[in-house]
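# Overview (structure and organization)
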Number of protein chains: 2
Amino acid sequence: MTDVNLQTLHLYTRQFSGLTEEKIQTLHEVYETLQPDLQQVTDTFYEQLSLIPKTKAFIEGRIDQLKLTHIAWLNELFVSNFDEDYTAKLYKIGDVHVKVNLPVEFVSGAMSIIQGELTILIVQKYTGQTDKQLKILEALNSALSFCSLVMQESYQTSALAEELDKFLNITGMSRKLFDNLARVYSKKPG
Amino acid sequence: MTDVNLQTLHLYTRQFSGLTEEKIQTLHEVYETLQPDLQQVTDTFYEQLSLIPKTKAFIEGRIDQLKLTHIAWLNELFVSNFDEDYTAKLYKIGDVHVKVNLPVEFVSGAMSIIQGELTILIVQKYTGQTDKQLKILEALNSALSFCSLVMQESYQTSALAEELDKFLNITGMSRKLFDNLARVYSKKPG
C-alpha cells in the first residue's frame, strides 16, 4: 500500500461514486430498519455464489468463515463514515482478494448481487414512499460504487505487481536488473 | 479475442449477473416508456464525468462523439437479447477501453452512475407500483452487471497482455525466448 496516496484515492472515489455526506447520513438513518435482514442478504449472497462453478471453487469449505467477514462489512456499509481510514481498509481487502487469486470481475459481480438483494429489501420496506425509496437506493448505489472503486484500484496495482514478479521468476532476472533496464528504457526517445 | 471461449464467457456472465430470459423480457417491455429519457441519462453521465479531473482528461474535446456510442449502447440495453454475439461485442468494447489506457475502475464507476440515473427514472415512472418497480430495477441491475462483467474480463486479459509487452520491451527479450522460459518454469517442481 506504499504506492497509493490515500487522500487522493479517497477524494477521487468519493467524487466518482457520488457519495456525499447526505447519502452517508441516509444510510445511517435506515440502518436500524434494515439491520435485521442483513444476515439474510449475506446468506443469499453465498447461496448464489455456490451455484456458479467458477465462484464456488473459491468459497467451498469455508463459507461459514467468509460469512462472518461479509456480514461485518455489510453492517459497516450503513454505519461507516467512508473516510480515509475506511478507504485504507477497503484497499487492503482488495489486496487480500488479489493474493487468493480471485478474478478481478468478482468484485463488481459480487457488488451487483448485493445491490440486487438490498434493492428488494429497500423497495419492500419503504413501499409507497417513493421519495424515501429513491433516496435510499441512490445512497446505496453510491456506497457500493465507492467500495467497488477502491477495491478495484487496489486490485489493479497489486495484480500488476504480481505479474511483474511472475515475469522475473520465469526469466530468472533480478528485480534490480529490471529496475535498471526500466530506468534506461524510460529515457529512450520515442 | 482468440484467448476467450465466448460460449463459456456468455454462460458464466449470464449466471453471475443473474440475467434470466424473464429479466431481458422485462427490459424489452419497458423500453418504450423509458426511451424518451435515455438521452438525458447519457447527457447527465458525461456531465458527471466532466466534473472528475481523472475522467475528464479522457473525454475532453470528444464528448459529442462519445455520446453517440453511449446512447446507442444505452438503447441496446433495453432491446438486446444478451446472446453470444452481444457478449462478443461487449468484450471488444472492453478491449477498446484498454487500448486507450482507461483505468479498470472506470467500467464499474461508469455503470454505477448509469444505474443511479436509470433508478431515478424507473422509480419515478412507475411510482406506486412497487412490484413493477422492483421487477425493472432487478432486471436493470442484472443487465448492467452482465455488461460490466464481460468488459472487465476482456480488460483483465488485455491488460496482462500489454504488461507482458511492456516487460519484453524493457528487457529487450524476445517473445519466443520468454515463452520457452515460461514453458520450462511451468514444469519446475514446487
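Placed above this text is the structure.
Calculation criteria
- Residues numbered from 1 in each chain as written.
- Chains lettered and ligands numbered in written order.
- Predicted model: local features only at pLDDT ≥ 70, side-chain atom pairs only at ≥ 80, totals over all residues.
- Heavy atoms only, no water.
- Core = buried A, V, L, I, M, F, W, Y, C linked by side-chain atoms within 4.5 Å.
- Buried < 20%, exposed > 50% of the residue type's maximum accessible area, 1.4 Å probe, protein only.
- Contact = heavy atoms within 4.5 Å.
- Helix = DSSP H or I, 4+ residues; strand = E, 2+ residues; numbered from the N terminus.
- Least-squares fit on C-alpha atoms with pLDDT ≥ 70 in both.
- Buried area = accessible area lost by both parts, 1.4 Å probe.
- Salt bridge = Lys/Arg side-chain N within 4 Å of Asp/Glu carboxyl O.
- Polar contact = N/O pair within 3.5 Å; in protein donor to acceptor, adjacent residues only side chain to side chain.
- Phe/Tyr/Trp six-rings, centres within 6.5 Å; stacked < 30°, edge-to-face > 60°.

The next thing to look at is the nonpolar core. Grouped burial of nonpolar side chains is what soluble globular proteins tend to show. Counting residues in each nonpolar core, the largest one holds 106 residues, and the members touching the most others are A:Leu77 and B:Leu77. The contacts of A:Leu77, once residues within four sequence positions are left out, are A:Leu27, A:Phe82, A:Leu118, A:Leu140, A:Ala143, A:Leu144 and A:Cys147. A:Phe167, A:Phe178, B:Phe167 and B:Phe178 belong to the second-largest nonpolar core, a separate cluster that totals 12 residues.

Our next topic: unusual backbone geometry. Of note in the backbone geometry, A:Phe82 takes a positive phi value of approximately 50° without being a glycine. Turning to its location among the elements, A:Phe82 is positioned in the loop between helix 5 (63-76) and helix 6 (84-99).

Comparison of the two chain copies shows a relationship of rotation about an axis with a shift along it. Mapping chain B onto chain A calls for a screw motion: a turn of 180° about the axis and a shift of 0.1 Å along it, with 0.2 Å RMSD after fitting. Read as a symmetry element, the transformation amounts to a two-fold axis. Within chain B, B:Gly128 has its C-alpha nearest the rotation axis, a separation of 2.7 Å. An overlap of 100% is found between the interface residues of chain B and their copies at the interface of chain A, pointing to a shared contact surface.

As a further point, take the interface of chain B and chain A. On the side of chain A, 51 residues touch chain B, which itself brings 50 residues to the contact. Of the roughly 4500 Å² buried between chain B and chain A, counting both surfaces, carbon and sulfur atoms make up 66%. If you sort the residues of chain B by the area they bury against chain A, B:Phe16, B:Phe167 and B:Ile170 come out on top, with a joint share of 15%. Between chain B and chain A we count two salt bridges in total. In this structure, A:Lys54 and B:Glu153 form a salt bridge, with 3.7 Å as the shortest nitrogen-oxygen distance. Applying the counting rule to chain B against chain A returns 12 residue pairs in polar contact (both at pLDDT 80 or more). Within the residue set of the side of chain B that touches chain A, elements represented by two or more residues are helix 1 (6-17), helix 2 (21-51), helix 3 (53-59), helix 6 (105-125), helix 7 (130-171) and helix 8 (175-187) of chain B. With 19 residues, the single largest contributor to the side of chain B that touches chain A is helix 7 of chain B.

The subject of this paragraph is the packing of aromatic side chains. Tallying each qualifying case throughout the model produces 14 aromatic pairs over all chains. With centroids separated by 5.0 Å and ring planes inclined at 80°, the aromatic side chains of A:Phe45 and A:Tyr46 adopt a geometry described as edge-to-face. With respect to burial, A:Phe45 and A:Tyr46 carry one shared label: buried. Aromatic pair A:Phe82 and A:Tyr86: ring centres 5.2 Å apart, planes at 85°, arrangement edge-to-face. Note on A:Phe82: relative accessible area 0%, which makes it buried. When its relative accessible area of 5% is taken as the criterion, A:Tyr86 is described as buried. Counting every residue linked through ring pairs, the aromatic cluster contains A:Tyr12, A:Phe16, B:Phe58 and B:Phe106.

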